[in-house]
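The lines below spell out each chain.
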Amino acid sequence: MPLIRRTWTPAAADEWAREDWIAIVLSPLAYIALAVGVVLSFLLLKIGFIILGVAIVLTVLMHWVIDPKLKTVSQDYEKKQKSYLEALEKIIRWEEMK
Amino acid sequence: MVQFAILDWIWIILFLLLMIGCGVLFFNLGKRSEADFFLAGRGLPWWLPASSVYATHTAVDTPMWVAGVIYRHGLAGIWYAFFSAWCAISAFVSTRIFRRSLAYTQAEWQSLRFCGLGSELLRGWMSGWQVFMAMFNMGWVGIAMGMVCQYLFGWPTWMGLVIFSSICAIYVLTAGYWGVVMADFQQGIVAFSAILIVSISGVMVAGGPHEIVAKLSDMGQSWRLNPFHFTGWFSGDFPIAWFMTMMVIALIGGFGMGTSIDWYLEAQRIQSARTVRDASYSIWWGTALVIIRNSLWAAAVLGFFVLFPNIQETSEYEMGWFRMGFDYLPVGMLGFFFAAILAIHLSTVSSVLNMGAMYATRDLYHHYVNPEASQEKLVWVGRISTLLILVFSFALGLMMTEITKWLIFALWIMAAGVWLPNILQVIWWRFNAWGYLSAWIANLGLSWLVVWILPAFGVLPALPDYLQFWALMLLTSLVYLPVTFITKPEDMDHLVRYYVMSRPIGFWGPVRREAERRGLLDEISHLGAAADEN
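Here the structure is a predicted model, which is why all the values come from computation and not from measurement.

## Observations regarding the overall build of chain B
Within chain B, the secondary structure is distributed over 24 helices and zero strands. By the compact-globule yardstick of 24 Å for 534 residues, chain B fits well, its C-alpha radius of gyration being 24 Å. Here chain B, with 534 residues, has 63% of them falling under the buried criterion. Measuring between centres, the 28 positive side-chain charges of chain B sit 6 Å from its 31 negative side-chain charges.

## Some points on the overall build of chain A
Secondary structure summary: chain A contains three helices and zero strands in total. Shown N-terminal to C-terminal, the secondary structure of chain A runs as helices and strands in the order α-α-α. Taken against the 2.2 N^0.38 rule, which gives 13 Å for 98 residues, the C-alpha radius of gyration of chain A at 20 Å runs more than 25% over that of a compact globule. For chain A, the spread of C-alpha atoms along the three principal axes comes to 60 × 40 × 20 Å. Here chain A, with 98 residues, has 53% of them falling under the buried criterion. Looking at chain A alone, contacts between residues at least 24 apart form 56% of all its contacts between residues at least 6 apart. When the accessible surface of chain A is summed, it comes to about 4800 Å², and 70% of that surface belongs to carbon and sulfur atoms.

## Some thoughts on the interface of chain B and chain A
The interface of chain B with chain A comprises 73 residues on the first partner and 51 residues on the second. Contact between chain B and chain A buries roughly 5600 Å² in total, counting both sides, with carbon and sulfur atoms accounting for 69%. Across the chain B-chain A interface, the total number found is six salt bridges. Two residues, B:Arg96 and A:Asp20, come together in a salt bridge whose shortest N-O distance is 2.8 Å. Between chain B and chain A we count 16 residue pairs in polar contact (both at pLDDT 80 or more) in total. Broken down by class, the residue content of the side of chain B that touches chain A amounts to 47 nonpolar, ten polar and 16 charged.

## Concerning the packing of helix α2 (residues 18-42) of chain A against helix α3 (residues 46-92) of chain A
All names here are of chain A. Between α2 and α3, whose axes approach to 7 Å, the crossing angle comes to 155°. Taken together, the axes of α2 and α3 lie roughly antiparallel to each other. Considering the relative orientation of α2 and α3, their crossing is left-handed.

## A closer look at the environment of B:Trp46
Residue and element names in this part refer to chain B. Looking at the element boundaries, Trp46 is found in the loop between α3 (34-39) and α4 (47-56). Judged by its relative accessible area of 31%, Trp46 falls in the partly exposed class. Between the C-alpha atoms of Trp46 and Arg269, which are 223 residues apart in sequence, the distance is 9.4 Å. What Trp46 contacts, discounting residues up to four positions off in sequence, is Asp278, Tyr281, Ser282 and Trp285.

## Here we look at the packing of aromatic side chains
Inspection of every chain in the model, using the stated rule, returns 52 aromatic pairs over all chains. Here a set of aromatic residues connected by ring pairs shows up, and it is made of B:Trp79, B:Tyr80, B:Phe82, B:Phe228, B:Phe230, B:Phe238, B:Trp242 and B:Phe243. Cation over ring: A:Arg5 sits above A:Trp8, and NZ or CZ is 4.6 Å from the ring centre. Cation over ring: B:Arg224 sits above B:Phe305, and NZ or CZ is 3.8 Å from the ring centre.

## Brief notes about the confidence of the model for chain A
A residue-level look at chain A finds 96% of positions with pLDDT of 70 or above and a mean pLDDT of 90. Considering each helix and strand of chain A separately, the mean pLDDT is smallest for helix α1 (residues 10-14) of chain A, with a value of 89, and largest for α2(A), with 97.

## Concerning the nonpolar core
All names here are of chain B. Phe322 and Phe338 are the most contacted members of the largest nonpolar core, which has 221 residues in total. Per element, the largest residue contribution to this core is 20 residues, and it comes from helix α10 (residues 157-205). Sequence-distant contacts of Phe322, defined by excluding residues within four places in its chain, comprise Val60, Pro63, Met64, Val148, Phe337 and Ile341.

## A look at the packing of α2(A) against helix α14 (residues 276-307) of chain B
Where α2(A) meets α14(B), the closest approach of the two axes is 8 Å, and the angle between their N-to-C directions is 30°. By the criterion of interaxial angle, the relationship of α2(A) to α14(B) is roughly parallel. Where α2(A) crosses over α14(B), the two elements pack in a sense that is right-handed. Every residue of α14(B) that contacts α2(A) at A:Ser27, A:Ala30, A:Tyr31, A:Leu34, A:Ala35, A:Val38, A:Val39 and A:Phe42 is listed here: B:Ile283, B:Trp284, B:Thr287, B:Ala288, B:Ile291, B:Ile292, B:Ser295, B:Leu296, B:Ala298 and B:Ala299. Of the residues belonging to the contact of α2(A) with α14(B), the class tally is 15 nonpolar, three polar and no charged.

## Some points on the confidence of the model for chain B
Residues and elements named next belong to chain B. Put simply, chain B has an average pLDDT of 89, and 95% of its residues get 70 or more. When pLDDT is averaged over each helix and strand of chain B, the minimum, 46, is found for helix α24 (residues 522-533) and the maximum, 96, for helix α19 (residues 419-427). A low-confidence stretch, residues 524-534 stays under pLDDT 50, and its non-local contacts, those more than four residues away or across chains, total six contacts. As scored by the predictor, the complex reaches a pTM of 0.92 and an ipTM of 0.93.

## A word on a nonpolar patch on the surface
Residues and elements named next belong to chain B. Taken together, Leu444, Trp448, Leu449, Ile453, Phe457 and Val459 make up a surface patch of nonpolar side chains, about 590 Å² in accessible area. Locating Ile453 in the fold gives a position in helix α20 (residues 433-456). Looking at Ile453, the relative accessible area reads 34%, which means it is partly exposed.

## With respect to the side chain of A:His63
Its location among the elements puts A:His63 in helix α3. Excluding residues within four positions of it along the chain, A:His63 makes contact with A:Pro68, B:Tyr281, B:Trp284 and B:Trp285.

## Digging into α3(A)
Residues and elements named next belong to chain A. Taking 1.5 Å of rise per residue, 47 residues should cover 69 Å, yet α3 covers just 57 Å from first to last C-alpha, more than 12% shy of that figure. Its axis deflected by about 45° at Lys80, α3 carries its strongest bend there. Phi turns positive one or two residues past the end of α3, at Trp94, with a value near 65°.

## Describing unusual backbone geometry
All names here are of chain B. One non-glycine residue, Arg42, adopts positive backbone phi at about 55°. In this structure, Arg42 sits in the loop between α3 and α4. For Arg42, a relative accessible area of 8% corresponds to the buried category. Of note in this structure, Arg503 is not a glycine but carries a positive phi near 45°.

## Description of the pattern of salt bridges
Overall, the coordinates contain 19 salt bridges over all chains when judged by the stated rule. The structure contains a network of salt bridges with shared partners spanning A:Asp14, A:Glu15, B:Arg100, B:Arg503, B:Arg512 and B:Glu516.

About the criteria used
- Residues numbered from 1 in each chain as written.
- Chains lettered and ligands numbered in written order.
- Predicted model: local features only at pLDDT ≥ 70, side-chain atom pairs only at ≥ 80, totals over all residues.
- Heavy atoms only, no water.
- Helix = DSSP H or I, 4+ residues; strand = E, 2+ residues; numbered from the N terminus.
- Rg over C-alpha atoms; globule rule 2.2 N^0.38 Å.
- Buried < 20%, exposed > 50% of the residue type's maximum accessible area, 1.4 Å probe, protein only.
- Lys, Arg positive; Asp, Glu negative; His and termini not counted.
- Charge placed at Lys NZ, Arg CZ, Asp CG, Glu CD.
- Contact = heavy atoms within 4.5 Å.
- Areas by Shrake-Rupley, 256 points an atom, 1.4 Å probe, with all protein chains shown as cover.
- Buried area = accessible area lost by both parts, 1.4 Å probe.
- Salt bridge = Lys/Arg side-chain N within 4 Å of Asp/Glu carboxyl O.
- Polar contact = N/O pair within 3.5 Å; in protein donor to acceptor, adjacent residues only side chain to side chain.
- Nonpolar A, V, L, I, M, F, W, Y, C, P; charged D, E, K, R; others polar.
- Axes fitted to C-alpha atoms, helices over the stretch in contact; angles between N-to-C directions.
- Parallel < 35°, antiparallel > 145°, perpendicular 65-115°, else oblique.
- Left-handed = near helix turned anticlockwise from the far one by under 90°.
- Phe/Tyr/Trp six-rings, centres within 6.5 Å; stacked < 30°, edge-to-face > 60°.
- Lys NZ or Arg CZ within 6 Å of the ring centre and 35° of its normal.
- pLDDT = per-residue confidence, 0-100.
- Core = buried A, V, L, I, M, F, W, Y, C linked by side-chain atoms within 4.5 Å.
- Patch = residues over 30% accessible without salt bridge, like charges linked within 9 Å, V, L, I, M, F, W, Y side chains within 5 Å.
- Expected span 1.5 Å × (residues − 1).
- Bend = angle between axes of the 7 residues up to and from the residue.

What follows is the structure, given as structure tokens:
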């Protein structure tokens, strides 16, 4: 099994996997680097451009890891969405309340 | 007072016509159904709700607040504005779970997650609270707009509050969320362009980037360039303990729902995205723009500090970014800058207005008053709710100077003691409606004790903000954890249905095993395993 899975079945994509956790770690790091990198780059400090570069790399990496999984989750879920919406309307009308 | 040329007024009139035009253009889409009036039919590509996330969270008072923390703390002040980073983890966890629930509102989600009387009590409380918060937020940002207009034109504050919120209400009333999100897209572009232009101009007025760095060094203020300059581990006005607490609140809060007051607005944007993937990216990229915006402001405020280093009055240096625009932009650009301020204001007001009306319509009217209401009637109730929230927000806005202190306290207590329960409701199957309700009630009482009453009587020292947070979190848990274990878990049928639909993260073992035992996941697991072999 590859370190980063790039092809997903709907069932496997529904589970919380290593790829989700990688995105969960990379995402805050990308935000922190973005916040610091943008302001220091705006002041034309060399360290700012380096940190901004790191932010961009982290963002690209995060998307590369999580996008195939999100695509599969979305495609599969759209098939079920109609019946879930019908159930939601029954709840608001007190038809399915316990 | 600022003098506008004819070109300035042209900018403003053109912009207002564009905004109101949105309402007319999307009127036919907004009136189709409740789902259209509040969620744009759940069909938006990620970049539209993303621009709405960005535009909504850029309010008139935001640059004042960011200017204040940067002027006081240097670049380390950007961490005060980093609370929006709860979206970093939320985009891939709670956003995904919430989008799959299909709930219109957080109150509705709680009736999917919990059941019985506790769930209904929660739904009623949550929706009532959010309707009130919508009025409060509108009053808050409205009065900030009133103050800006007073500074610019010498108007009494009520004029700026009433005129621009009323203009905004035209397109919210006619097109609902369709009008909001389409206007947000344009407003987001206008606001971001102005922020970029004014920040570049501000930095140049201060002598340019190199000059700002050099001047700060000459003034012995180089520490202001260090985003990680703190005043010690536990001492001073910005200790590392406070920074770490803010990071925990923001980042770990992304596992939960409602850990930030912004969640309730974002939840609407999440549900309006056409797929789970679009929802995730809308939240992530909208917030990335918010973070970039904060950094642009921060650079301009450093320039302002270099020009005016000795301002003591908070209200004066909080206007720093606005002054960089109005005092230094050339004639002709002032109108563009004011149009951008209008964009910033209208995007926030429209979103809050529509969200408050959604809670009033979906959770209060549709669920409790008239469950059999037609779609046409629901759209009209949405419009009437919009109008009522607008009118009450004027009254709240005009009282704001007297009540602000108390309501900020109310917001703080809302965040501290229920922060962990807001996460537990997502990640732990055993947490029930009674535990969540008891957390809210306990938090209300304990926060008064810890923050006001006990320090006033000398029983407890006045605690710094970060200690208040941890103390309230711990003390509240002494109430809601026993309540959760003493009361029964939620009904297993209800939990299984929620689990299969939303597939939550965390500690859901017994529910998952029950779902598997009933064969609700068997077929899925089998298919998954077969595909893995291939």
